[in-house]
Amino acid sequence: MHEFAFAYDIFKVAEATAIKHGAKRITEVLLEIGELTLIVPDLLRRSFEMATAGSIAEGAYLNIQVLPGKIKCRECNKISSVTLSEESQLTGNQLFRCQHCESPNTEIIDGKKANVKNIKIE
Ligand SMILES: [Zn+2]
């Protein structure tokens, strides 16, 4: 996912919520990001700074919580937690083996989503 476009989306969600509550300033945005979204937190923070410059969210702290990825095995139906290897971060290749039976026949069920969980306003 492109960090800047995503940072802008976060800002728009936070801004809409802040306006609805009559806030003057957004001080913090709590964000949940699935590990498998391939979003780089440092890049996202910088993009967020750029996206919010001159807005009511300028200077807001971006609190990023990374949620682990989960896969479900099609062979044994068990669920495993997975993290991205350096290789898959570079190649975008996300194939995971079941941690119970070693089968590569798995599907990703969690870790692909990102959303604004909460914001702090003044
Ligand atoms: Zn399995």
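Rules used throughout
Residues numbered from 1 in each chain as written. Predicted model: local features only at pLDDT ≥ 70, side-chain atom pairs only at ≥ 80, totals over all residues. Helix = DSSP H or I, 4+ residues; strand = E, 2+ residues; numbered from the N terminus. Buried ≥ 20, exposed ≤ 12 C-beta atoms within 10 Å, placed from the backbone. Domains from an automatic or database assignment. Contact = placed C-beta atoms within 7 Å. Nonpolar A, V, L, I, M, F, W, Y, C, P; charged D, E, K, R; others polar. Axes fitted to C-alpha atoms, helices over the stretch in contact; angles between N-to-C directions. Parallel < 35°, antiparallel > 145°, perpendicular 65-115°, else oblique. Left-handed = near helix turned anticlockwise from the far one by under 90°. Pairing = 2+ DSSP bridges.

Chemist: Explanation requested: unusual backbone geometry in the structure shown.
Modeler: Glycine aside, a negative phi is what most residues show, and trans is what most peptide bonds show. Despite not being glycine, L38 has its phi angle at roughly 65°, a positive value. Examined against the element boundaries, L38 turns out to sit in the loop between β1 (26-34) and α2 (41-52). Take L38: there are 15 C-beta atoms within 10 Å of it, and that puts it in the partly exposed class.

Chemist: Teacher, can you tell me more about the domain arrangement of the protein here?
Modeler: For interface size, the figure often reported is the accessible area lost on association. When the domains of the protein are assigned, the result is domain 1 (3-68 + 111-121) and domain 2 (70-108). Computed over C-alpha atoms, the centres of domain 1 and domain 2 are 28 Å apart. Between domain 1 and domain 2, the residue contacts involve 6 residues of the former and 8 residues of the latter. For the side of domain 1 that touches domain 2, the per-class residue count stands at 3 nonpolar, 1 polar and 2 charged.

Chemist: Sorry if this is basic, but what is going on with the packing of helix α1 (residues 3-20) against α2 here?
Modeler: Direction vectors running N to C along α1 and α2 enclose 55°, while the axes themselves pass 8 Å from each other. Viewed along their axes, α1 and α2 adopt a mutual orientation that is oblique. Pair α1 / α2 crosses with right-handed handedness. Contacts between α1 and α2 involve E3, F4, F6, A7, Y8, I10 and F11 on the former and, on the latter, L43, L44, S47, F48, A51 and T52.

Chemist: Any chance you could explain the sheet that holds strand β2 (residues 61-67) here in plain terms?
Modeler: One key point about sheets: their strands pair by backbone hydrogen bonds, in either a parallel or an antiparallel sense. Within the open sheet, the 3 strands sit side by side as β2-β1-β6. Their pairing is mixed. Sheet topology places β2 and β6 (114-121) at the edges, where each strand pairs with a single neighbour. Averaged over neighbouring strand pairs, the angle between their axes works out to 20° when direction is ignored. When β1 meets β6, the two strands line up antiparallel, connected through 7 bridges. Pairing of L31 across the sheet is with V116, part of β6. Against the sheet, α1 contacts β1 and β6, and its axis sits at roughly 45° relative to β6.

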